[in-house]
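Okay, here's what each chain looks like letter by letter:
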Amino acid sequence: MHDMLTPRRTIALIALAWLAGGMLLLLLTPLSGRSEALGWTPTFWLLLAPMSVLVALKPRLPLALIASLLRR
């Protein structure tokens, strides 16, 4: 049964939703990536934290994506 949501797949889906929401928030609101009061905190929590979760789940994914782009 391949359609079953495993805990690892559930975490990946949550991280992807978090990343998509963070990108949308940074693109559509006046929230800047860096502020004097918060530093890089908004960018970290909206983009880098979910990306690090995804990389922790599948470490070779970024390298596989880069390799597939170079093969084209």
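Residues numbered from 1 in each chain as written. Predicted model: local features only at pLDDT ≥ 70, side-chain atom pairs only at ≥ 80, totals over all residues. Heavy atoms only, no water.

Asks: Honestly, the overall build of the chain in this entry has me stumped. Any pointers?
Replies: Across its full length, the chain holds three helices and zero strands. The order of helices and strands in the chain, counted from the N terminus, is α-α-α. Over its C-alpha atoms the chain spans a radius of gyration of 15 Å, topping by over 25% the 11 Å that the globule rule assigns to 72 residues. Along the first, second and third principal axes, the C-alpha atoms of the chain reach 50 × 30 × 20 Å. Every one of the 72 residues in the chain was classed for burial, and the buried ones make up 19%. (Helix = DSSP H or I, 4+ residues; strand = E, 2+ residues; numbered from the N terminus. Rg over C-alpha atoms; globule rule 2.2 N^0.38 Å. Buried < 20%, exposed > 50% of the residue type's maximum accessible area, 1.4 Å probe, protein only.)

Asks: Looking at this structure, I do not really get the side chain of T43. What am I missing?
Replies: Mapped onto the fold, T43 is located in helix α2 (residues 41-57). We classify T43 as buried; its relative accessible area is 15%. Setting aside its immediate chain neighbours within four residues, T43 contacts G33, R34 and L48. (Contact = heavy atoms within 4.5 Å.)

Asks: What is the right way to read the nonpolar core from this model?
Replies: Generally speaking, nonpolar side chains in soluble globular proteins are found buried as a group. Counting residues in each nonpolar core, the largest one holds eight residues, listed as A12, A15, L19, L26, L46, L47, L54 and L57. Elements represented by at least two residues in this core include exactly α1 (7-28) and α2. Sequence-distant contacts of A12, defined by excluding residues within four places in its chain, comprise L54 and L57. (Core = buried A, V, L, I, M, F, W, Y, C linked by side-chain atoms within 4.5 Å.)

Asks: Would you take a moment to explain α1 for this structure?
Replies: Residues separated by three or four positions in an α-helix point in the same direction, a consequence of the helix having 3.6 residues per turn. Helix length check: α1, at 22 residues, gives a terminal C-alpha distance of 31 Å against a target of 32 Å (1.5 Å per residue), a fit within 8%. Those residues of α1 that sit buried are A12, A15, L19, G22 and L26. Viewed along the axis of α1, the buried residues span an arc of 90 degrees, placing them on a single side of the element. Residues of α1 that are exposed and point over 90 degrees away from its buried face: I14, A17 and L28. (Expected span 1.5 Å × (residues − 1). Arc of directions from axis to C-beta.)

Asks: Is there a simple way to explain the packing of α1 against α2 in this structure?
Replies: Pairs of packed helices are described in terms of their axes, by the angle between the two and the distance that separates them. At a minimum axis distance of 8 Å, the contact between α1 and α2 shows a crossing angle of 155 degrees. Taken together, the axes of α1 and α2 lie roughly antiparallel to each other. Seen from above, α1 lies across α2 with left-handed handedness. Contacts between α1 and α2 involve R8, I11, A12, A15, L16, W18, L19, G22, M23, L25 and L26 from the former and W45, L46, L47, A49, P50, M51, V53, L54 and L57 from the latter. Each residue belonging to the contact of α1 with α2 can be placed in one class, and the counts come to 18 nonpolar, one polar and one charged. (Axes fitted to C-alpha atoms, helices over the stretch in contact; angles between N-to-C directions. Parallel < 35°, antiparallel > 145°, perpendicular 65-115°, else oblique. Left-handed = near helix turned anticlockwise from the far one by under 90°. Nonpolar A, V, L, I, M, F, W, Y, C, P; charged D, E, K, R; others polar.)

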